[in-house]
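# Results of the structural survey
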Amino acid sequence: MSGYWCPRSPSDSSPEGTSSPVGDSRPYGTQGNLPKRQRLQQGPRPAVNGMRVLVTPLLPNSNCEYQVTVMTIKIAALSVLTHLAFIEGEFGQFGIVRWLWKNYQYVLAFRFAIQEINKDSQLLPNLTLGFKFFNAFASEQYTLLSIVYWLIGINVPFPNYTCHTQGRHVAVIAGTTSALSVEFGTLLELYKNPQLTYGPFDPMLNDKDQFPSLYQMATSDSSLGHGMIYLLLHFGWTWVVLFVSDDMKGEQFLQYFEAEMLKKGICVAFTVKLPVTKKLYGYGDLTFMSSIRVSSANVHILYGDVRGLISVDISVQSFVTIGKVWIMTSKWDLVMSETNHMLHSLHGGFSFSPHKEEIPGLKHFVKMENPSHYPEDFYFSKLWLFHLHCSLEGSFCGHIGSCPPNTSLEFLPGHIDLLTISDSSYLVYNAVYTVAHVLHKMILEKVEMGSPGEAIQPMILPWQLHQFLRKIQFTNSAGDKVSFHETRNHMAHYDIQNVVNFPSGLRLLIKIGEFSSKSPHEQSLLVNEEMIEWPVAFKVTPQSVCSQSCGPGFRKMSQEGRPICCYTCVLCPEKEIANQTDAKQCIPCEDHEYPNQDRSRCLPKLMTFLAFEESLGMALACMALCFSVLTAAVLWVFVKHQDTPIVKANNRTLSYILLITLFLCFLCSLLFIGRPNTATCLLQQIAFGLVFTVAVSTVLAKTITVILAFKVTKPGRTVRRLLISGVSNSVIPICFLLQLILCSIWLGISPPFIELDTHSEPGHIILVCNKGSVTAFYCVLGYLGSMALASFTVAFLARNLPDTFNEAKFLTFSMLVFCSVWVTFLPVYHSTKGKVMVAVEVFSILASSAGLLGCIFVPKCYVILIRPEMNSLKGLKNKSKF
């Protein structure tokens, strides 16, 4: 306090109708005059804890039963570990006064409104509004005692008596807490005195059954939670700590806010309920601040009653938490201590404040005011002395120091900014004008009803104001509409302000955005991030999440027993993607699409098939053509040497049929290569089944021919007739006919068709031929296998029959190769997909056909081409000699 002490002037006189503070018999106010007309003005009562202001329309001297208006403004608080209340104004054992000089702006806004109204010739002409200031003790006992003194008119508690001799008191303007308004309302309701509150909106005070005479200047903050959630989502903050006052207002906000956050995927790390008490918290009660430091949540939301928030205000000085972002309901809903360094915990935070326009002239008025204008105002002189270190003539402090000519409130320290008009000051201004407009309408109505005397000496009772207050509507000088109609709560417009502390002690609330809500479905948020000053611990936009975001390609998996914001990131399964951050579920790609490597988006699949152009198709096609040419060459050799013994020995006709059939087998494999169509799909399996049936049945016929050839050397006419009649040749048409019947049934029941295989290869759609009936396909294979097994068995039994050109051994090996290929084919075929499956079938056709060609005809070609001497009658005779 700079070592100054301001004693009261002993020469102060007590005008009629004034009273003294509790426990103090000295007078505390004077009556002032205005240039325009006589006005009652009684100054503040000096006390350490606060101030109350009374608004009174000045009426002619009247009997002492008329009431006046009260306004409560708190400008001092106790910053110690004892009660805020003081018995008869005395300090406790460890009492220390801490002045909240910023709140003196309410008094200045109030005086500005009074002066404007009294100078306005259109509003309340020929009438003057007066006012009284009263202390606001932080104690129910002294608050109620003060209101009793005000109702009585003297500092003696005589209930049911009124001794006012100057002016009628018609309305009460009160703040800053809901508890104070409730305490006033309980007593004022007995007299139906209207009470206008300029504190934060409280839904409890909106209950007209309990408080029918109470009117809140502030609008409902029901949209405030939506604005905070929009801000959290804008910055991606999903892990927060909640600080709410432990009262009905805080509980309602907590239930509503937590439910809305849960819908948006925002979680609460923990909740701190701030007791609504009038004690300042000791260090033992601030343990929750220690948990803030170790919490992973970097964003703290502060909402509650002023008395509950005092604990946080003190805590942030004792426990500096510079790595946290505070989001506050509004600057007038928070008691902020006057610290002057950038490491203050609230630096870089955000404040939601109802949008308001600037009141013309108010800022200039505050700038130009000084204690010489109000010599009876003890507090103004004290403020001036403490922070400007000088006093003006006529002040309570006497003449201490010399003030420069241009000294004004503009030069106050940076942490006491009276030139930035607060929300509460704006509401105080509106409250005074509301009372004035109501009185104006009442008087006009009485005049119109034929009572001209009311304009000169109106008879106004407090309860008469209610019907006009409920309907009042006007536009203030700033252009904002003022009313108490319910529709005013349907639309909300908030300014989002950034709390910035400068090293010099200056603290500013810089507007960085807006939130507007016309309806629950029509809301918008606008934020200018370039203007934001973050807490000193952050160089960029801070994060506040329980778990780091899951990038594209991953989905969130909740952790058991933890909030939904705490999760682990799991890679999306095959064929599924997550194309956004923090995806809850992976999205399966369509059949014609496949996920990219990061599984963040689906790509269109390329249409593909076993084409001649690709390496695998080209290799198989070349093999088929080479074997076809080789088979044709063998056939040419056999035809050229058809009269040689080795060609004639084993039924030359069957050899020709087998070679032609093998030639067709090699060529039919080409039906499996290239772009499938309906014709090729039908021909693939049918041609394969019929051609291979002819080939295997031909081998069986050749085997039977060998058996019959050796049997004919033995006596008996039956075997000779069978051999001569060519019964072995009949095996081929019989076997072919049976296979043809099976294929006809296959085509009739479920023929092959073209199919798009979207699952075999991730990035491709494979065009393949579906076999239609899988049963029919395996019946065809089974029939071929049974014939091959029969041929192998017969050839194996005849392998040791003596003869120069006995090919039973070659037939045995050929059937062994054939059976081995197709037995191996089955498991390999079922273990592959797409083009590889088709390639396996083609390779099996080529391998089995090549096995027949090599095992049966290569030895004969060797004899014909390399050892021609063995393929003659002379060679046979020479061989028989040995």
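Going by the structure above, here's the rest.
Quick summary incoming for the structure in this document. Throughout this description, residue numbers start from 1 for each chain and increase along the sequence as written. A pLDDT threshold of at least 70 governs which residues receive local features in this predicted model, and a stricter bar of 80 or more applies before side-chain atom pairs are shown or counted, although totals over entire chains, interfaces and linings include all residues. To get the side-chain values, take all heavy atoms of the structure and skip hydrogens and water.

### What to know about the overall build of the protein
Looking only at helices and strands, the protein features 22 helices and 28 strands. Here the analysis covers contacts within the protein between residues at least 6 apart in sequence; of these, 69% occur between residues at least 24 apart. Each accessible area is a Shrake-Rupley estimate made with a 1.4 Å probe; only the visible protein chains count as cover when residues are assessed. For the protein, the exposed surface amounts to about 39,100 Å²; the carbon and sulfur share of it is 60%. Going along the chain from the N terminus, every DSSP run of H or I of four or more residues is numbered as a helix, and every run of E of two or more is numbered as a strand. Contacts between residues were defined by any pair of non-hydrogen atoms, one from each residue, lying within 4.5 Å.

### What about the pattern of salt bridges?
By definition, a salt bridge exists where a carboxyl oxygen of Asp or Glu is found within 4 Å of a side-chain nitrogen of Lys or Arg. Using the criterion set out here, one finds eleven salt bridges in the structure. Between Glu841 and Lys771 there is a salt bridge, with its nearest N and O atoms 3.8 Å apart. Of this pair, Glu841 sits in helix 21 (residues 834-866) while Lys771 sits in the loop between strand 28 (764-770) and helix 19 (774-797), and the two are 70 residues apart along the sequence. Comparing Glu841 with Lys771, the two get one shared label, buried. Look at the salt bridges and you will find they share partners, linking Asp495, Lys511 and Glu514 into a network. Relative accessible area decides the class of each residue, using a 1.4 Å probe on protein chains only: under 20% of the type maximum gives buried, over 50% gives exposed, and in between gives partly exposed.

### Overview of the state of the cysteines
Pairs of cysteine sulfur atoms within 2.5 Å are identified as disulfides in what follows. Under the criterion given, the structure shown has seven disulfides. Note on cysteine connectivity: Cys550 is disulfide-linked to Cys569, with sulfurs 1.9 Å apart. Across the S-S bond linking Cys550 and Cys569, the dihedral sits near -90°, which makes this disulfide left-handed. Here the residue Cys550 occupies a position in the loop between strand 19 (522-527) and strand 20 (554-558), and Cys569 occupies one in strand 21 (residues 567-571), the gap between them amounting to 19 residues.

### Section: the packing of aromatic side chains
Aromatic rings considered in pairs are described by the distance between their centres and by the relative angle of their planes. Working definition: rings of Phe, Tyr and Trp (its six-membered ring) pair if their centres are within 6.5 Å, and the pair is stacked with planes under 30 degrees apart, edge-to-face with planes over 60 apart, and tilted otherwise. Enumeration according to the criterion identifies 32 aromatic pairs in this entry. Ring geometry for Phe243 and Trp326: centres 5.2 Å apart, planes at 40°, overall tilted. Residue Phe243 is located in strand 10 (residues 239-245), and its partner Trp326 is located in strand 13 (residues 325-328); the two are separated by 83 residues in the primary sequence. Judged by relative accessible area, which is 0%, Phe243 ranks as buried. Taking the centre distance of 3.8 Å and the plane angle of 10° together, the rings of Phe253 and Tyr303 count as stacked. One end of the pair, Phe253, is in helix 5 (residues 248-263); the other, Tyr303, is in strand 12 (residues 299-303), and 50 residues separate them in sequence. Grouped by ring-pair contacts, the aromatic residues Phe688, Phe692, Trp746, Phe777, Tyr778, Phe818, Trp822, Phe825 and Tyr829 constitute a single cluster.

### Some details on the side chain of Ser408
Topologically, Ser408 is positioned in the loop between helix 9 (378-388) and helix 10 (423-448). Judged by relative accessible area, Ser408 falls into the buried class, the value being 7%. In this structure Ser408 touches Lys367, Trp384 and Leu388, once residues within four positions along its chain are discounted.

### Details of the packing of helix 15 (residues 652-668) against helix 21
Fitted lines through C-alpha atoms serve as axes, helices being fitted only where they are in contact, and the angles separating the N-to-C directions of these axes extend from 0 to 180 degrees. Between helix 15 and helix 21, whose axes approach to 10 Å, the crossing angle comes to 150°. Between helix 15 and helix 21, the angle is such that the two are roughly antiparallel. Considering the relative orientation of helix 15 and helix 21, their crossing is left-handed. Only Ile845, Leu846, Ser849, Ala850, Leu852, Leu853, Ile856, Phe857 and Lys860 of helix 21 make contact with helix 15, whose side of the interface consists of Ser655, Leu658, Leu659, Leu662, Cys665, Phe666 and Cys668. By the convention adopted, Pro, Cys, Tyr, Trp, Phe, Met, Ile, Leu, Val and Ala count as nonpolar, Lys, Arg, Asp and Glu as charged, and the other residues, Gly among them, as polar. Of the residues contributing to the contact of helix 15 with helix 21, the split by class is 13 nonpolar, two polar and one charged. Roughly parallel means an angle under 35 degrees; roughly antiparallel means over 145; roughly perpendicular covers 65 to 115; every other angle is labelled oblique. With the far helix as reference, a near helix turned anticlockwise by less than a right angle produces a left-handed crossing, and one turned clockwise produces a right-handed crossing.

### What about unusual backbone geometry?
Of note in this structure, Lys575 is not a glycine but carries a positive phi near 75°. As for its position among the elements, Lys575 is in the loop between strand 21 and strand 22 (576-577). Given a relative accessible area of 39%, Lys575 falls into the partly exposed group. Its identity is not glycine, yet Asp582 carries a phi of approximately 60°, on the positive side.

### Some words on the packing of helix 20 (residues 808-830) against helix 21
At a minimum axis distance of 8 Å, the contact between helix 20 and helix 21 shows a crossing angle of 170°. The angle between helix 20 and helix 21 places the two elements in the roughly antiparallel class. Between helix 20, through Phe810, Leu811, Phe813, Ser814, Met815, Val817, Phe818, Val821, Trp822, Phe825, Val828 and Tyr829, and helix 21, the contact on the second element is made entirely by Met837, Val840, Glu841, Ser844, Ile845, Ala847, Ser848, Gly851, Leu852, Cys855, Ile856 and Pro859.

### Points about the environment of Met248
Its place among the elements puts Met248 in helix 5. Distance from Met248 to Gly304, taken between C-alpha atoms, is 9.7 Å for residues 56 residues apart in sequence.

### What about the nonpolar core?
In this description, a nonpolar core means a group of buried Ala, Val, Leu, Ile, Met, Phe, Trp, Tyr and Cys residues linked to one another through side-chain atoms lying within 4.5 Å. Among the nonpolar cores identified, the biggest contains 68 residues, and Leu196, Leu409 and Leu465 are the most heavily contacted of them. Sorting the residues of this core by element identifies helix 1 (104-119), strand 6 (128-134), helix 8 (362-368), helix 9, helix 10 and helix 12 (466-471) as the ones contributing at least two each. It is helix 10 that contributes the most residues to this core, 13 residues altogether. When neighbours within four sequence positions are excluded, Leu465 is seen to be in contact with Val170, Ala171, Pro194, Val438, Leu439, Met442 and Ile460.

### So, the pairing of strand 28
The buried fraction of strand 28 amounts to six of the seven residues, a majority that puts the element mostly inside the structure. Should DSSP find at least two bridges between two strands, the strands are taken to pair. Direction of pairing for strand 27 (residues 753-757) relative to strand 28: antiparallel, over a ladder of five bridges. Bridge pairing in strand 28 links Asp757 to Ile766. Here strand 27 hands over to strand 28 after six residues, the two strands then running antiparallel side by side.

### Observations regarding the sheet that holds strand 26 (residues 606-608)
With respect to topology, three strands assemble into an open sheet ordered 26-28-27, the strand pairing being mixed. The open sheet terminates on both sides in strands that have one partner only, identified here as strand 26 and strand 27. Each adjacent strand pair in this sheet contributes to an overall mean axis angle of 30°, direction not counted. Examined bridge by bridge, strand 26 and strand 28 share three bridges and lie parallel to one another.

### Re the environment of Ile532
With respect to the secondary-structure elements, Ile532 resides in the loop between strand 19 and strand 20. A sequence separation of 35 residues divides Ile532 from Gln497, and the C-alpha atoms of the two residues are 9.0 Å apart.

### Let's talk about a nonpolar patch on the surface
Like-charged residues are merged into a patch within 9 Å and nonpolar side chains (Val, Leu, Ile, Met, Phe, Trp, Tyr) within 5 Å, provided each residue has over 30% relative accessible area and no salt bridge. On the surface, a nonpolar cluster with roughly 720 Å² of combined accessible area is contributed by Ile734, Phe736, Leu737, Leu738, Leu740, Ile741, Ile745 and Ile749. You can see Leu738 is positioned in helix 18 (residues 731-749). For Leu738, a relative accessible area of 42% puts it in the partly exposed group.

### Quick look at the sheet that holds strand 13
Read across the open sheet, the eight strands follow the order 11-10-12-13-14-17-18-19; overall the sheet is mixed. Where the open sheet ends on each side, the last strands, each with one partner, are strand 11 (267-274) and strand 19. When the angles between neighbouring strand axes are averaged without regard to direction, this sheet yields 20°. Running at roughly 50° to strand 19, helix 4 (residues 224-235) makes contact with strand 10, strand 12, strand 13, strand 14 (350-354), strand 17 (492-501), strand 18 (507-519) and strand 19 of the sheet.

### A few points about the pairing of strand 17
Most of strand 17 sits inside the fold, with nine of its ten residues counted as buried. Here strand 14 pairs with strand 17 via five bridges, running antiparallel. Across the sheet, residue Ser351 finds its bridge partner in strand 17, namely Gln497. Where strand 17 and strand 18 come together, ten bridges link them in antiparallel fashion. Bridge pairing in strand 18 links His493 to Ser516.

These figures capture arrangement, not role.
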